[in-house]
Amino acid sequence: VQLQASGGGLVQAGGSLRLSCAASGRTFSSYAMGWFRQAPGKEREFVAAISWSGGSTYYADSVKGRFTISRDNAKNTVYLQMNSLKPEDTAVYYCAARKGIVVVTTGEYDYWGQGTLVTVSS
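Note that residues are indexed from 1 along each chain, following the sequence as it is written. For a predicted model such as this one, the threshold for reporting local features is a pLDDT of at least 70, and the threshold for listing and counting side-chain atom pairs is 80 or more; totals across whole chains, interfaces and linings nevertheless cover every residue. With hydrogens and water set aside, each side-chain value is computed from the structure's full complement of heavy atoms.

Okay, the packing of aromatic side chains next. Between 30 and 60 degrees the pair is tilted, below 30 it is stacked and above 60 it is edge-to-face, where a pair is any two Phe, Tyr or Trp rings, Trp via its six-membered ring, whose centres lie within 6.5 Å. Taken as a whole and assessed by the stated rule, the structure comprises 5 aromatic pairs. With centroids separated by 5.9 Å and ring planes inclined at 75 degrees, the aromatic side chains of Y31 and Y111 adopt a geometry described as edge-to-face. Note that Y31 is positioned in strand β4 (residues 31-38) and Y111 in strand β10 (residues 111-112), a separation of 80 residues in sequence. For Y111, a relative accessible area of 32% puts it in the partly exposed group. Among the aromatic residues, those joined into a ring-pair cluster are F36, F46, Y109 and W112. A run of H or I in DSSP becomes a helix once it reaches four residues, and a run of E becomes a strand once it reaches two; helices and strands are each numbered from the N terminus. Each residue is placed in one exposure class: buried if its accessible area under a 1.4 Å probe, protein chains only, is under 20% of its type's maximum, exposed if it is over 50%, and partly exposed if it falls in between.

In structure tokens:
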């Protein structure tokens, strides 16, 4: 499966952005999806994940209550709604896919998008 992330940009602290990740292939609905981010000089970290059905979602503590992950299997797309953004949310955001159950570990995802940059100014 190929993934294309979009929706990043520059936003002031307290603002919102919605990231999208469009997937190719006819079996998108069988993949668990995740969002990860990597800030300059830091390792890639888990942000949010969603099961193939959308029935289960998981969030990093740092974004819980501010970010919402969702998916539309008819459109082969997963979203990340980001509200109340903080300067520390600044990073390149990546979407990822894996067959099977949803997990929160970076190394367990098999397919990765190219990343989209989110910059939050103070």
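Having seen it, we continue.
This paragraph deals with the sheet that holds strand β7 (residues 67-72). Each strand in a sheet pairs with another by means of backbone hydrogen bonds, the pair being arranged parallel or else antiparallel. The antiparallel open sheet is built from 4 strands, whose spatial order is β1-β3-β8-β7. Strands with a single pairing partner mark the edges of an open sheet, and in this sheet they are β1 (3-6) and β7. Each neighbouring strand pair of the sheet contributes to a mean axis angle of 15 degrees, computed without reference to strand direction. Here, any two strands with at least 2 DSSP bridges between them count as paired. As paired strands, strand β3 (residues 17-23) and strand β8 (residues 77-82) are joined by 6 bridges and run antiparallel to one another. Opposite C21, over in β8, you have V78 as the bridge partner. Between N-to-C directions, angles span 0 to 180 degrees; the directions come from axes that are lines fitted to C-alpha atoms, helices contributing only their stretch in contact.

All right, on to the nonpolar core then. Grouped burial of nonpolar side chains is what soluble globular proteins tend to show. We call a set of buried Ala, Val, Leu, Ile, Met, Phe, Trp, Tyr and Cys residues a nonpolar core when their side-chain atoms join them within 4.5 Å. Residues M33, W35, L80, M82 and Y93 are the most contacted members of the largest nonpolar core, which totals 38 residues. Contacts between residues were defined by any pair of non-hydrogen atoms, one from each residue, lying within 4.5 Å. Apart from residues lying up to four places away in sequence, L80 is in contact with L17, R18, L19, W35, V47, A48, F67, T68, I69 and Y93.

The phi dihedral of N76 falls on the positive side, at around 55 degrees, and the residue is not glycine. Secondary-structure assignment places N76 in the loop between β7 and β8. Judged by relative accessible area, N76 falls into the buried class, the value being 18%. Backbone geometry places S84, a non-glycine residue, at a positive phi of 50 degrees. Mapped onto the elements, S84 comes out in the loop between β8 and β9 (91-99).

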